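Overview (structure and organization)
The primary structure of each chain is shown beneath.
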Amino acid sequence: MVVFADIAAKTVLAWDGALKWPQEHLDDLCALAAQVLAIGVGVDPAAEPQTAILARATGCFVFVRAAPGANEALCCVFAPYCDIDNTFAAGKALCSDLLGGDQRMKA
């Protein structure tokens, strides 16, 4: 499952996956992304997380902020024990494509 979201507005912009998730689950994933990508922001806004991984018994959640300071983020849900080595680089590239090469991506 891959979700492109506006984490400030907690809005799902687009998604795709092998399984159809109910809207409330997509909304929950978006809210989770906003929460984990905000860890430590109150301490130093310049040090806001750009990526996060949350591993659970049911799978692995990977979050990639589109660019520093961006409200858009990619939220990925993987099966347990899935190889996620290239997920961050692929996520940044996908965000760039989705944002049409927005200037923020070049920062």
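Each chain carries its own residue numbering, running from 1 in the written order of its sequence. Whole-chain, interface and lining totals are the exception, using all residues; otherwise, since this is a predicted model, local features are given only for residues with pLDDT of at least 70 and side-chain atom pairs are given and counted only at 80 or more. Based on all heavy atoms of the structure, the side-chain values leave hydrogens and waters out of the count.

Comments concerning the confidence of the model for the chain
- Every residue carries a pLDDT, the predictor's confidence in it, which falls somewhere between 0 and 100. In this model, the chain carries a mean pLDDT of 82, and residues with pLDDT of at least 70 account for 87%.
- Strands here mean DSSP runs of E at least two residues long; helices mean DSSP runs of H or I at least four residues long; both are numbered from the N terminus. Summarising per-element confidence for the chain, the mean pLDDT is lowest in helix H2 (residues 87–98) (75) and highest in helix H1 (residues 23–36) (92).
- Low pLDDT, under 50, characterises residues 103–107; the stretch is placed with 12 contacts to residues that sit more than four places away or in other chains. Note on contacts: a residue pair is in contact if any heavy atoms of the two residues lie within 4.5 Å.

Some words on H1
- Its 14 residues place the ends of H1 20 Å apart at the C-alpha level, agreeing with the 20 Å of an ideal helix rising 1.5 Å per residue.
- To sort residues, take the accessible area from a 1.4 Å probe on protein chains only and compare it with the maximum for the residue type: under 20% means buried, over 50% means exposed, and anything in between is partly exposed. Along H1, the residues that are buried comprise Leu 26, Leu 29, Cys 30, Leu 32, Ala 33, Ala 34 and Val 36.
- If you follow the buried residues of H1, they end up packed against strand E1 (2–6), strand E2 (11–16), strand E3 (51–56), strand E4 (59–65) and strand E5 (72–78). One less than the residue count of a helix, multiplied by 1.5 Å, gives the span that helix is expected to have.

Structural notes on the pairing of E2
- We treat two strands as partners when DSSP finds at least two bridges between them. Across five bridges, E1 lies against E2 in antiparallel orientation. Its bridge partner being in E2, Val 3 is matched across the sheet by Trp 15.

Regarding the sheet that holds E3
- Here five strands make up an open sheet; going across it, the order is E2-E1-E5-E4-E3 and the pairing antiparallel. The open sheet terminates on both sides in strands that have one partner only, identified here as E2 and E3. On average, each strand axis in the sheet is tilted by 15° relative to the strand beside it, whichever way the strands run.
- In this sheet, E4 lies alongside E3 in antiparallel orientation, the contact comprising six bridges. Bridge pairing in E4 links Leu 54 to Phe 61.
- For every element, the axis is a line fit to its C-alpha atoms; helices are fit only across the contacting stretch, and the angle between N-to-C directions ranges from 0 to 180 degrees. The sheet strands contacting H2 are E1, E3, E4 and E5, and the helix crosses E4 at an angle near 50°.

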